[in-house]
Amino acid sequence: MIQLNFDVRAPITLSRNEEEDMSADIKEWTKHQVKQWVLEIGVDAKFADILFKEDIDGGSLLLIDKRELLDLGVTFGPAKRIIHERNLLQIRKEQPTSSVNQSGRPCKPYPFQRYHDTCRYMEKSILDVTESGATDYIEPCHEYKAFIHTSDENRMNKFTTEVIRFAAACMNSRTNGTIHFGVGDKPEFTHGQVLGVDVNDKEAYANALEHAIDDYFEHKHISAAKMCIKHPRFVEVLNQDTTSSEKYVIEVDIKPDSMICKENYYHIFSVDSRKAKKKKKTKGKETDRLRAKPFFVRDGSSSRDLCANPEDIKLVQQYNKFVDNVTQLSQLRKQAEEKHLKMSKRVRHGSKLADMITGGSQSLDKSHFERYVIVTNKSHSIHLESLAFLQELNPTAVLDFDPESATNGLQCHFEEQSTVNVHSPVQYKITEAVEDTASKLKLTRNTSWVFCNGRINDDVPSDIDSWLMDKGASVRDVISFLCRKEVLPYKRYLVIFLLLSTVSEKMDPLVETFSIFWQELKGMEQILCICENEKAFTCWKDLIEVRYGINISGRCIYERFSEVNGTILSLLSENRRFNRFLPCGGGSKVLFERKVEGSLDTLDVLCVNQCEGGNEDKVLIEENFYKGGKVSWWNFHFSEQPGSTPFIKRDKFDFIVDTVLPALCSRSKACVFFNLLHVAGCGGTTLAMHILWALKERFRCAVLKDCDADLAVAADQVVKLLMHDYEEELPHIPVLLMIDDFEDMDKVSNLQQLIEKECVKKNIQSRSTQVILLNCMRSESLEETERTEETVFIGNNLSEMEQKQFEQKLVEIEKTYKNAETFYGFMIMKTNFLPEYIQGVARNTLKSFNINEKPAQLIAFLVLLNVYCKGASLSVCLCEEFLGFHPKPFCGSGRIEDGFGKFSTLITSSSVEAKVVFQGVKMINSNIASHCLQELTTTYNVTKAEMTNLLLNTDKLYECTQGKDELMQDVHYMLMNEHHLVEEEPQFSPLIQHIAKETPGLEKSVLQNAAKRFEKDAIISQLLARYYYLKKKDFKEAKDWACRAKDLSRGNARIADTAAQVIKHELKNAIANDNEVPIKPEKLNSFLKMAQSAIDAFQETQQLAKKEPNCPFNASGCLGEIQVAVIIIEILAKTPIFSLGSEGHDIMSLVLSGSKNIQEVESSDPMCERHTSYYSALRQFDSLLYKLKSRMKSQFDYLADFYVNLGSRFGMKDSYEQVARKELFRCFRQYADLFYKTDSTELLKSENTNNITQVHHARQFLVTQEADTHSGILNCLSNGIQPEIMETIAKHYDFLLRNDADLSVKDRINLIYANVVLSCIEPKSGRLKPYPKLLNLLCQVLSACSDNLALFFIAVALLWPQQPSVANCAEARSLGKCVSQLKGVCNGKGPISYFFLGKKQDYERLIHLGEIKRCVQAGQVDVASLWTNREIWKKKEVGELLCRVTGNVQGKVILADTCITDLKVEVTPLFPDQLSGKADGSKVSFFIGFSMKGPVAINIY
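Here the structure is a predicted model, which means the values were calculated and not measured. (Residues numbered from 1 in each chain as written. Predicted model: local features only at pLDDT ≥ 70, side-chain atom pairs only at ≥ 80, totals over all residues. Heavy atoms only, no water.)

1. Here we look at the overall build of the protein
A tally of helices and strands in the protein yields 65 helices and 36 strands. A total of 1501 residues make up the protein; the buried ones form 56% of that total. In the protein, the share of contacts with a sequence separation of at least 24, taken over all contacts with a separation of at least 6, comes to 73%. (Helix = DSSP H or I, 4+ residues; strand = E, 2+ residues; numbered from the N terminus. Buried < 20%, exposed > 50% of the residue type's maximum accessible area, 1.4 Å probe, protein only. Contact = heavy atoms within 4.5 Å.)

See the structure below:
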């Protein structure tokens, strides 16, 4: 929102000539002068010409607005500048000249006889009271002393003399008075100008004044004088930018109370008589002159001595008259005091404050306002202790105009108690999505402290005159941002102007800030002003009224801040006032400070005294839960109170608490997890929270608030919770963290690893479990899958015991609640998830459903969202906007449930943790949502397509309001939630598939509407491209959408892959539709052209993927290129040139290998004339064809390395990878059939076959078995290869070693791999090379090769010097070099440990992964689970196979011992947390695994 600033003090400076030529009145300008002015303010000439051509003169300029300028063709920036500069000129005309060069602004003096007000003076400001005499006796008179030219020696004497003289005058005149030191007077200064003086010792002034009273006043009056003359007050003087000048104005108040002075009058000793008084004892008799005593009275602006000249008869008469009138004067003083006392009875505002700050609820716990924004100015140290209420308000933002707040002000004090995020106003400028900005600022999670007048990031503070120009615009951005409906809940937040200093200037930044809030909020209903006293209130009220013409009295409170503090704190429940505690084990507790809790903003921490002393609305909370809302801690608390039945305990509760958790606690791993899988709506989340509640004294329990939170931040905070109050010792009890609704196990594992890294970083030992993750995850299956030690399943079928508990609870509920029949969440479970009951609820509630009514549309949206996007919700603000339900900023103004009408029983509201935390509305139960969707489609003929299109096309839902971004994400998820099945391409989302099945063809309109709604979204465009090429076979449209997707997301490998897939599918479709054999030349040309484009596109995908870290789509690009190559082979096989049986087959093989060119084939073709058109087409693609075999081979090798050497977590293969490998195998078979079709075994037996031919065919055989690379050979360990084939592979490599003079290093390495793998598959095979000879060959290769990853890997495994037979090998001593080479391997996937060091000799010393899997007799899922929790290494069978190695800890690695003296090999721990807490040099033992990234230490003790 653009808002113009209409209050600027500083003038616009025009040139001298322009000021002479142009009238000060804009209305009198001609169109020529308007054009000249536009050019002068820096706007481009072309826009000045537009205004000139449109005859815009001065009068028109005053009337035009920004929108009209835009319509004329002026772009946004220049239009905004023209309007802004015009308004500045208007303001300049209306306001006086800037006061920058004046002596200062007027200000009020410090309140009389007050010492603890926050009043300060600003340098050069002018006290707006003149030096005066007595007026009404109560209003103080004033006297100013510059006090800046006084020498240090005379300073104290000058101070006391002036104070005594002024005090005596006030006491005699019976008037209150204040004398000011550090305030100038004419002629040197402006009258009343604040100067300030340096004060080194405040106490010295007080002591000097005390002694002076003793010296100057008569003995009988000393006591009265001390009561009338108040202690000196030191008022701080600020620089004009509100920073401290370290100077003070010294003030002394005089209050001659009638009860003290009575009818006395006061002479004082003169300087000489005072000396005489001191010398009286020694001198004796004194003259009358020395005994003369001055008598001062206030006479106008000065103090006059009526005894100054005893010879002056007139003066003596005045003195006598004054003394005679003292009695009358005293009476007048007394009357004035009584009158003032009656007038000064203060109005109390406590009730008004309580009402306004809570929106009428009189309780902060139940306040109408969900959020508070504080605007404040310069604080004073005396007030800080009275502002504890600020912490309780937990403000979303504080706009602080005190540049010294962080050093000695409010922010410094607040941060001691609470967590704050310090920001500068520029951070609120909208440069991206509003929700993204709010998320980065953590706006709704911790208090955002915005310094609005500098002192952050070296921003210099501004004075009042320049603030508006320097910082006004950026602060306006802050306010506009905060007031956006996407950020704070509409009408549910309160802006509090906390005036810690009196605001007396109309140009004060707070006045401008008030104006902006007033405009943004469209009134005063959401603004509350709090002042300390009536004077500050009056000042503030008058400024606002004069400036803006509004009376703010009704929205203002003036009361001492101590009273404000007490009133607000009294609005808290007892629970909110309690300290919170965390368990330490053994019944001990530790204070959980609010600041610490605030810093853990990703966690909802459960304390041991949670809910104690609370006064929450039990009825409302329990109704919400029983209807189907999410359980809260209060529900457990209420169930423990006298008269309540216990909370229903599910059957799995005791099993988890008594069996699962103790077993997890015994593991020697920093972080472990177990899964609580549950069917939606069956109480899985409730059970998980019940477990936390029951164990809150045995564990430090917490819930991860947002499943989309930054996991690294969450891990850091979990470890901080673990270590709270354990700075120098190990924690005594672990953290139990509940995770709810993670979408996949990978996120759980990622969080686990991040927590372990944090434990390592903080050197936390993992001799036992430190963190347990309770992963509460929805299961798609209604039945329990295979059970593991880490998984508990909760289905939708209650046991008899559980049903009995539900029946008992129902009896209690029906006694308490009259509307128990609407407690659907409870009743669904009580009826044991009876479908007929749920269907009846849906049918009865939706009766007479009309999709044209807004409440019906909203419930349809919620139903659709809940079915296809787990846990989706709509924000309360969004629902209110859609329904036209306008809330008021006070309690009782209406609930959102009322807007849903008869559907309100199907919804519940709760807080939603998103980028911006908000109140959301969702369906009470996923089962009810599913039946409602079925009811809508079958009974009311409202199709899923109709609902989805309505959801996409209803603009009102996507306007700026809170929760809009979350809705966009949920709708996007519904459309894009792909399911990867055992197919080449991922399927469309369930919603799209269901729409296609229910209303065939309408899925197209849904996708098109989605593209309109998400017009900048590349994924939606990609989805449409896939829809057109997969479903519609409309490849032109598919290409257009794919190109659009690429334009929207340049450099994205996945998007590029889709564009390549479009071309590939177009090619496949064209071939499928062409039934002619042989293929026609023009078709051949067309197909090869498409194939070339597809290969280029897939190669682009590969290049982009290499630039993306950890991107898996490099493999997709390689596979796509291979698939197109296979299609090319199939195309060529349909041509007459390559289709003539085995001869054509061989020719094609030679051409695609680059061994024969097209011209040679053509010249040897007896039918070349008939085939001329074919050759012509082929020649256009000769480069593509000649490199086809080599490109395919390169991609096969790459994918072999990718899939074999590197795997997913824990060495297991994911299902999508298995699908890709299946397709890769199909393509490889066609590749091998073309290029390597031979029976090498028979050829090797033949004695007549040429040796070269035998070598050639041996190599062909190895390629066909994918055994020509180390990766392919390693893969034989897991692909179920027959032992006979593996023996043949080893035999072929042995043959090559003996017969191929040019045997490469790669072949020798492969021979070593072949023997090692054969020894694992068939340990007793006769084809195994003797182990010493294998080691000898390995040593030869090592000496000849210095850079080969596969060689280093197998060398480390075979040469590990654990037995003397290996230790004697010289190359074993250089093992460290091999390990260091492996350390450099880096890839997005983790390396697999294929081998482990065993206890036996020779080949049997290597134990392969498959043997360990077989050893524990478990399937792949269980092995992954056992590997994850490290239990696999505790299995007795595994321990008997593996050799335990010792070593010493060295930082983050272990130096492993070997049987070679002085040789230690560096080993990296597989689980780094196992080294936590172990000092360098510590002796450990472990198993060794061998991976492509080097040896790893496992099961460290």
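2. A word on the packing of aromatic side chains
Counted under the stated rule, the structure contains 42 aromatic pairs. When the centroid spacing of 5.6 Å and the interplanar angle of 80 degrees are considered together, the rings of Tyr-428 and Phe-481 count as edge-to-face. Here Phe-481 lies in helix α20 (residues 464-482) and Tyr-428 lies in the loop between β12 (420-423) and α19 (434-440), a separation of 53 residues in the sequence. Across the pair, Phe-481 and Tyr-428 agree in class, each one buried. Taking NZ or CZ as reference, Lys-31 lies 4.5 Å from the ring centre of Phe-52, over its face. It is Arg-1026 that lies over the ring of Phe-988; its NZ or CZ is 5.3 Å from the centre. (Phe/Tyr/Trp six-rings, centres within 6.5 Å; stacked < 30°, edge-to-face > 60°. Lys NZ or Arg CZ within 6 Å of the ring centre and 35° of its normal.)

3. Here we look at the side chain of Asn-446
Relative to the assigned elements, Asn-446 resides in the loop between α19 and β13 (447-451). The exposure class of Asn-446 is buried, given its relative accessible area of 7%. Of the polar contacts made by the side chain of Asn-446, one reaches the backbone oxygen of Gly-598; its length is 2.7 Å. Beyond its immediate stretch of four places on either side in the chain, Asn-446 contacts Thr-396, Thr-419, Asn-421, Gly-598 and Asp-601. (Polar contact = N/O pair within 3.5 Å; in protein donor to acceptor, adjacent residues only side chain to side chain.)

4. A word on the sheet that holds strand β27 (residues 918-923)
Here we have three strands laid out as an open sheet, ordered β25-β27-β26, and antiparallel in their pairing. The sheet is open, and its two edges are formed by β25 (874-875) and β26 (907-912), each paired on a single side. As paired elements, β25 and β27 share two bridges and run antiparallel to each other. Looking at the pairing, Leu-874 lines up with Val-921 of β27. (Pairing = 2+ DSSP bridges.)

5. Points about the pairing of strand β20 (residues 671-678)
Burial of β20 is extensive: eight of the eight residues sit out of reach of the surface. Covered by surrounding structure in β20 are Cys-671, Phe-673, Asn-675 and Leu-677 together with Val-672, Phe-674, Leu-676 and His-678, the residues of both alternating faces. In this sheet, strand β23 (residues 771-778) lies alongside β20 in parallel orientation, the contact comprising eight bridges. The residue of β23 that forms the bridge with Phe-674 is Leu-774.

6. Quick notes on the sheet that holds strand β4 (residues 141-145)
The pairing of strands in a sheet comes from backbone hydrogen bonds and takes either a parallel or an antiparallel form. Across the sheet, five strands lie side by side as β2-β6-β7-β5-β4; this open sheet has mixed pairing. One side of each edge strand has no neighbouring strand; the edge strands of this open sheet are β2 (121-122) and β4. Pairing of strand β5 (residues 177-181) with strand β7 (residues 244-254) involves five bridges; the strand directions are antiparallel. In the strand pairing of β7, His-180 is matched with Glu-251. Packed onto the sheet, helix α7 (residues 152-173) meets β4, β5 and β7 and runs at close to 165 degrees relative to β5. (Axes fitted to C-alpha atoms, helices over the stretch in contact; angles between N-to-C directions.)

7. As for a negative patch on the surface
On the surface, Glu-593, Asp-725, Glu-727 and Glu-729 cluster together into a patch of negative charge. Residue classification places Glu-729 among the partly exposed positions, given a relative accessible area of 44%. (Patch = residues over 30% accessible without salt bridge, like charges linked within 9 Å, V, L, I, M, F, W, Y side chains within 5 Å. Areas by Shrake-Rupley, 256 points an atom, 1.4 Å probe, with all protein chains shown as cover. Salt bridge = Lys/Arg side-chain N within 4 Å of Asp/Glu carboxyl O. Lys, Arg positive; Asp, Glu negative; His and termini not counted. Charge placed at Lys NZ, Arg CZ, Asp CG, Glu CD.)

8. Things to note about the environment of Ile-1095
Along the chain, the position of Ile-1095 falls in helix α46 (residues 1081-1107). Taking C-alpha positions, Ile-1095 is 9.5 Å from Cys-1118, a pair spaced 23 residues apart along the chain. Setting aside residues up to four positions removed in sequence, Ile-1095 forms contacts with Glu-1121, Val-1124, Ile-1128 and Leu-1184.

9. Topic: the pattern of salt bridges
A side chain with one charge may pair with a side chain of the opposite charge, provided their charged atoms come close. For the coordinates displayed, the defined rule picks out 66 salt bridges. As a salt-bridge pair, Arg-1050 and Asp-1047 come within 3.1 Å of each other at their nearest N and O atoms. Its salt-bridge partner being Asp-1457, residue Lys-1483 comes within 2.7 Å of it at the nearest N-O pair. Residue Lys-1483 is located in strand β35 (residues 1483-1491), and its partner Asp-1457 is located in strand β33 (residues 1453-1457); the two are separated by 26 residues in the primary sequence. For Asp-1457, a relative accessible area of 15% puts it in the buried group.

10. A short note on helix α50 (residues 1172-1179)
Given 3.6 residues per turn, any residue in an α-helix points the same way as the ones three and four places further on. Listing the buried residues of α50 in full gives Tyr-1174, Tyr-1175, Ala-1177 and Leu-1178. End-on, the buried residues of α50 take up no more than an arc of 160 degrees, which puts them together on one face. (Arc of directions from axis to C-beta.)

11. Points about the pairing of strand β18 (residues 588-591)
In terms of strand pairing, strand β17 (residues 581-585) meets β18 through four bridges, oriented antiparallel. Bridging across to β18, Phe-581 finds its partner in Leu-591. Linking β17 to β18, which pair antiparallel, is a turn of two residues; within it Gly-586 sits at a positive phi near 65 degrees.

12. Observations regarding the packing of helix α39 (residues 944-953) against helix α42 (residues 1002-1013)
In contact at an axis separation of 9 Å, α39 and α42 are set at 15 degrees when each is read in the N-to-C sense. When the axis of α39 is compared with that of α42, the two are roughly parallel. Crossing of α39 over α42 shows left-handed handedness. Listed contacts from α42 to Ala-945, Thr-948, Asn-949, Leu-952 and Asn-953 of α39 are Leu-1002, Ser-1005, Val-1006, Asn-1009, Ala-1010 and Arg-1013. (Parallel < 35°, antiparallel > 145°, perpendicular 65-115°, else oblique. Left-handed = near helix turned anticlockwise from the far one by under 90°.)

13. Digging into α20
A maximum bend of about 60 degrees is found in α20 at Lys-471. The buried fraction of α20 is high, at 14 of 19 residues. (Bend = angle between axes of the 7 residues up to and from the residue.)

14. Quick look at the side chain of Asn-1448
With respect to the secondary-structure elements, Asn-1448 resides in strand β32 (residues 1445-1450). Reaching out from Asn-1448, the side chain makes a polar contact with the side chain of Lys-1464 at a distance of 3.3 Å.

15. What about the confidence of the model for the protein?
Overall, the prediction assigns the protein a mean pLDDT of 83, with 88% of residues at 70 or greater. The model gives residues 1-20 a pLDDT under 50, and that stretch makes 57 contacts with residues more than four places away or in other chains. Long-range and interchain partners of residues 1209-1213, a stretch whose pLDDT sits below 50, account for 22 contacts in this model, where long-range means more than four residues apart. (pLDDT = per-residue confidence, 0-100.)

16. What about unusual backbone geometry?
A cis amide bond, omega 5 degrees, links Lys-186 with the succeeding residue Pro-187. Here Pro-187 is to be found in the loop between β5 and α8 (202-216). Pro-1078 follows Val-1077 through a cis peptide bond whose omega is 0 degrees. Of note, Pro-1078 is situated in the loop between α45 (1053-1072) and α46. The backbone of Thr-242 shows a phi angle near 70 degrees, a positive value even though the residue is not glycine. With respect to the helices and strands, Thr-242 occurs in the loop between β6 (233-238) and β7. Overall, Thr-242 belongs to the buried group, its relative accessible area being 15%. Despite not being glycine, Cys-611 shows a phi value in the positive range, around 75 degrees. Tracing the backbone through its elements, the reader meets Cys-611 in the loop between β19 (603-606) and α26 (618-627).

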